[in-house]
Amino acid sequence: MTEIRVVPGNIVEAQVDGVVVNLFEGVTRPGGATGAVDRALGGEISRLIDKGYFKGKLNETFLVPTSGRIPADHVLVVGLGKSSEFDLDRVRQVSATAAKALRRVGCKRIATIVHGAGIGGLDPAAAARALAEGTLMGLYKFDKYLTKREENEAGELKEVLVVEFDAAKVPVLAEGVERGRVVAEAVNFTRDLVNEPANVLTPTEMANRAREMAARYGLEFEVLDREQMESLGMGAFLAVAAGSAQPPKLIVLKYWGADRSEPPIAFIGKGITFDTGGISIKPAQGMEEMKTDMSGAAAVLGAMQAVARLKPRINVIGLAGCTENMPSGTATRPGDIARAMNGTTIEIINTDAEGRLVLADCVCYARKLGARAIVDLATLTGACVVALGKVASGAFTNSPELLSKVKAAADAAGEKIWELPLFEEYRQQLKSDCADIKNVGGREAGAITAAYFIRTFVEDTPWVHLDIAGTARADKEQPYIPKGGTGVGVRTLVELALREAGRS
Ligand code: BES
Ligand code: ZN
Ligand code: ZN
C-alpha cells in the first residue's frame, strides 16, 4: 500500500528517488517549485521548453536525470494542459500519470507538489484530495493471479511525499489527502471485487467480503438467503437465481450517522456475479466480460465503506442483490411468470433481462425498510452502451430534484452521467398479455424501457437509476483508470452522501 504524507519544506531538497514538478501549456519560464527545480538543474527544464521537447500538454511527461545535482535521481515534469481548462479532474489525472511514470522507472519514494493549488487557483484542500485520489486510483493493479511478474515491471511505490513550502498550509492539505485516500481505497476495493473471476467471487464470497468490510469499518451487516427471500415473496429475484448451483444473497448494510428515526437514503446495486443470459443464453464471444455484471453491487459496497469511514450525519442503507444467472434444468424459462415482493406479476420474455428482476425486489425491500430516496446502479443494458458509449453512465429518474443532486455530486467527483427520458409513452412497450408487466420492451429504447421497468416498482419514492453497463469496465487504460473494473459510481455515491449531510 502506498503511503501519502504531507510535509513542509523545499522539494529541491527532498530525500527521495524521484521528484514531480509541473508545467502549464504555453508557459515558457517555469515558476514556483518547478522554477526552483529548474534552477537546481542548471536550467534544464527551461531548455526542454525552449527547444520544443516539452510543451506542457495535459498528461505529457518528460523524465530528466538529475546526475547528482539534487538528492533525487529523477525529475518528472508533467504537463497540466491549458491553465484556462484546469480543474480538479485534471489534478487526478496528472497525479496518476506522474506516479505511474516514476513507478515504471523503479522509484520507491517520490515527492510531489500539489498540482493546481498555486497558480492553478484551486482550493488547496480540494486539490490535495484530488491528488491523493488520482495517485492511489492510478497506481491500482489487479495482479494477484500473476505468478510471474513481468520483467520490466518495477516494484511498488511505497511513499509519496507531498511537499508544501508554506508550513501553515500543511494541516489543510493533510486533511484533503486523508479524504482522498478514503475515497480511492473504496474505489479500489470495488475494483478488486469487479476484477475477481466468477469462480472466486460467487454471491457467497461477495457476502463474506461485505461482512469482513462491515466488521472492519463498523457497519451493520445482514444477509438474506434463499429461504428468507422466499418468505418475503421475492419471486422476481429468485427467478434469476433458479438456474444456479450457487445460492443467492441479498446483502444489507446499514450506516447510522443520524438519529435512527430519520429515514435513510438507499443505495442499491445489481450483483450478477456471472451473467450467461440463462436459457436465453448469450453468444460465446465476449461472454467473459459478464463476470463484471456485479459492478453496481460492488460500487454500493465500496461507497458504504467510504461512508462508514467519513461518517456523514445521515442514515444510509446499502443493498447488493447478488446471484448468478445460469441455464440449467431448474432455470427459469422464457414465458415463465414470476411474482415480485409487491405482488406484481412479471412475464419473463427473455431470461437475459435479469438485472431488472433482481432490482425490482431490491427496490421493494428498500421501500419496506423506509428509504426516503433510492439510487440504484446496474450494468443493465447493452442499449445504454450503444447510446452513450463508455464515456458516460445513463441516468434516469422520477425526481428531477434528486437527479440534480446526483448530477452535482457526479460532477464534483469527476464521473460523467447523462439523463435519458422516461416518457410515459414507453410504458406500453412493457405491456404483457398474461401478466402485469413483461421484462423486455423490444429493441427500441432498450435502456429506457429497462429503467421504466424498475420505475414501476419504485412508485412514489424519489429515485435515480444509473445504467453503468458502458462505464463499469474499461478496455483501455486512462490516467487514473486501469483496464478492467473502473469502480464507477463509488465516488458519486460518496459525494452524494456527504452533500446530503451538508458536507462536501
Ligand atoms: N448484463 C447485461 C447488460 C450488459 C451488456 C452489461 C453489455 C455490460 C455490457 C444485461 O443483463 C443484459 O443482458 N441485457 C440485455 C437486455 C435484453 C435482453 C432486453 C441486453 O442489453 O442485451
Ligand atoms: Zn443479462
Ligand atoms: Zn446482466
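In case you missed it, the structure is sitting above this.
Residues numbered from 1 in each chain as written. Chains lettered and ligands numbered in written order. Predicted model: local features only at pLDDT ≥ 70, side-chain atom pairs only at ≥ 80, totals over all residues. Heavy atoms only, no water.

Bringing the overall build of the protein into the picture now. Within the protein, the secondary structure is distributed over 14 helices and 19 strands. Against the 2.2 N^0.38 benchmark of 23 Å for 504 residues, the protein shows a C-alpha radius of gyration of 24 Å, consistent with a compact globule. Evaluated residue by residue, the protein yields a buried proportion of 58% over its 504 residues. Of the contacts made within the protein by residues no fewer than 6 positions apart, 77% connect residues no fewer than 24 positions apart. For the protein, the exposed area adds up to about 20,200 Å²; of that, 50% sits on carbon and sulfur atoms. (Helix = DSSP H or I, 4+ residues; strand = E, 2+ residues; numbered from the N terminus. Rg over C-alpha atoms; globule rule 2.2 N^0.38 Å. Buried < 20%, exposed > 50% of the residue type's maximum accessible area, 1.4 Å probe, protein only. Contact = heavy atoms within 4.5 Å. Areas by Shrake-Rupley, 256 points an atom, 1.4 Å probe, with all protein chains shown as cover.)

Further remarks concern the site of ligand 1. Neighbouring residues of ligand 1: 15 residues in total, closest K282, D293, D352, E354 and G382. At 3.4 Å, a backbone N or O of L380 approaches a nitrogen atom of ligand 1. Its free accessible area being 520 Å², ligand 1 has 76% of it covered by the protein chains. When grouped by side-chain class, the residues that make up the shell around ligand 1 number four nonpolar, four polar and seven charged. (Near = heavy atom within 4 Å. Polar contact = N/O pair within 3.5 Å; in protein donor to acceptor, adjacent residues only side chain to side chain. Nonpolar A, V, L, I, M, F, W, Y, C, P; charged D, E, K, R; others polar.)

With that settled, consider the pairing of strand β13 (residues 373-378). Of all six residues that make up β13, six are buried, and the element is covered over most of its length. A two-sided burial pattern is seen for β13, the buried positions comprising A373, V375 and L377 on one face and I374, D376 and A378 on the other. In the sheet, strand β9 (residues 265-275) pairs with β13 via five bridges, with the strands oriented parallel. Bridge pairing links I265 to A373 in β13. Direction of pairing for β13 relative to strand β17 (residues 463-467): parallel, over a ladder of five bridges. In the sheet register, D376 faces β17, and the bridge partner there is H465. (Pairing = 2+ DSSP bridges.)

Locating A303 in the fold gives a position in helix α9 (residues 295-310). The class of A303 is buried, set by a relative accessible area of 0%. Separated by 285 residues in the primary sequence, A303 and G18 have C-alpha atoms spaced 33 Å apart. Those residues in contact with A303 that lie beyond four places of it in its chain are V490, L493 and V494.

Our focus in this paragraph is the sheet that holds strand β16 (residues 437-438). The strand order across the open sheet built from three strands is β11-β12-β16, with neighbouring strands paired in mixed fashion. If you trace the sheet from one side to the other, it starts and ends with β11 (337-339) and β16, each paired once. Two elements, strand β12 (residues 345-347) and β16, share two bridges in a ladder whose sense is parallel. The residue bridging I346 from the neighbouring strand is I437, located in β16.

Before going further, it helps to examine the coordination of the zinc ion (ligand 3). The zinc ion (ligand 3) binds to the protein through K270 (NZ), D275 (OD), D293 (OD) and E354 (OE); the donor distances cover 2.0 to 2.4 Å. In this structure, the zinc ion (ligand 3) is surrounded by six donor atoms whose angles at the metal cover 77 to 170°, and the resulting shape is octahedral. Here the donor residues of the zinc ion (ligand 3) are spaced in sequence according to K-x4-D-x17-D-x60-E. The two metals, the zinc ion (ligand 3) and the zinc ion (ligand 2), are separated by 3.2 Å and share D275 as a common coordinating residue. Of the two residues, K270 is situated in strand β9 and E354 in the loop between β12 and α10 (355-368); the sequence distance between them amounts to 84 residues. Of the two residues, K270 and E354, both sit in the buried class. (Donors = N, O, S within 2.8 Å, 3.2 Å for Na, K, Ca; no water. Tetrahedral: all angles 85-135°; square planar, octahedral: opposite > 155°, others 65-115°.)

A few words now on the pattern of salt bridges. Scanning the entire structure with this criterion turns up 31 salt bridges. Close ionic contact of E500 with K405 constitutes a salt bridge, the shortest N to O distance being 3.3 Å. You can see E500 sitting in helix α14 (residues 490-500) and its partner K405 sitting in helix α12 (residues 400-413), a full 95 residues away along the chain. Judged by relative accessible area, K405 falls into the partly exposed class, the value being 34%. Linking E415 and R491 is a salt bridge whose minimum nitrogen-to-oxygen distance equals 3.8 Å. Here E415, found in the loop between α12 and β15 (417-419), pairs with R491, found in helix α14; they are 76 residues apart in sequence, far enough to count as distant. (Salt bridge = Lys/Arg side-chain N within 4 Å of Asp/Glu carboxyl O.)

In spatial order, the strands read β1-β6-β5-β2-β4-β3; together these six strands make up an open sheet with mixed pairing. At either end of the open sheet lies a strand with only one pairing partner, and these are β1 (3-8) and β3 (61-65). Taking each pair of neighbouring strands and ignoring which way they run, the sheet shows an average axis angle of 25°. Strand direction decides the pairing type here: strand β2 (residues 18-23) and strand β5 (residues 109-112), joined by three bridges, are parallel. Each residue of the ladder has a partner; that of V19, found in β5, is A111. Most of the contacts of helix α4 (residues 124-138) go to β1, to which it runs at about 145°, and overall it touches β1, β5 and β6 (159-164). (Axes fitted to C-alpha atoms, helices over the stretch in contact; angles between N-to-C directions.)

This brings us to the coordination of the zinc ion (ligand 2). Surrounding the zinc ion (ligand 2) are the protein donor atoms D275 (OD), D352 (O), D352 (OD) and E354 (OE), at 2.0 to 2.2 Å. Around the zinc ion (ligand 2) sit six donor atoms, and with donor-metal-donor angles ranging over 70 to 168° the site reads as irregular. Positions of the donor residues of the zinc ion (ligand 2) along the chain correspond to the pattern D-x76-D-x1-E. When its relative accessible area of 1% is taken as the criterion, E354 is described as buried.

With that settled, the discussion passes to unusual backbone geometry. Positive phi outside glycine occurs at K311, with the angle close to 55°. One can find K311 in the loop between α9 and β10 (315-325). Unusually for a residue other than glycine, A445 sits at a positive phi of about 55°. Among the structural elements, A445 can be located in the loop between β16 and α13 (446-458). Taking relative accessible area as the criterion, A445 reaches 29% and is therefore assigned partly exposed.

A few words on the nonpolar core. Ranked by internal contacts, the top residues of the largest apolar core, which has 94 residues, are M206, I251, F267, L301, V406 and L466. With near-sequence residues (within four places) excluded, L466 lies in contact with V375, D376, L377, A378, G394, A395, V406 and I417. By size, the runner-up hydrophobic cluster in this structure holds 51 residues, among which are V240, I346, L420 and L422. (Core = buried A, V, L, I, M, F, W, Y, C linked by side-chain atoms within 4.5 Å.)

No statement about biological role is implied by the geometric values presented.
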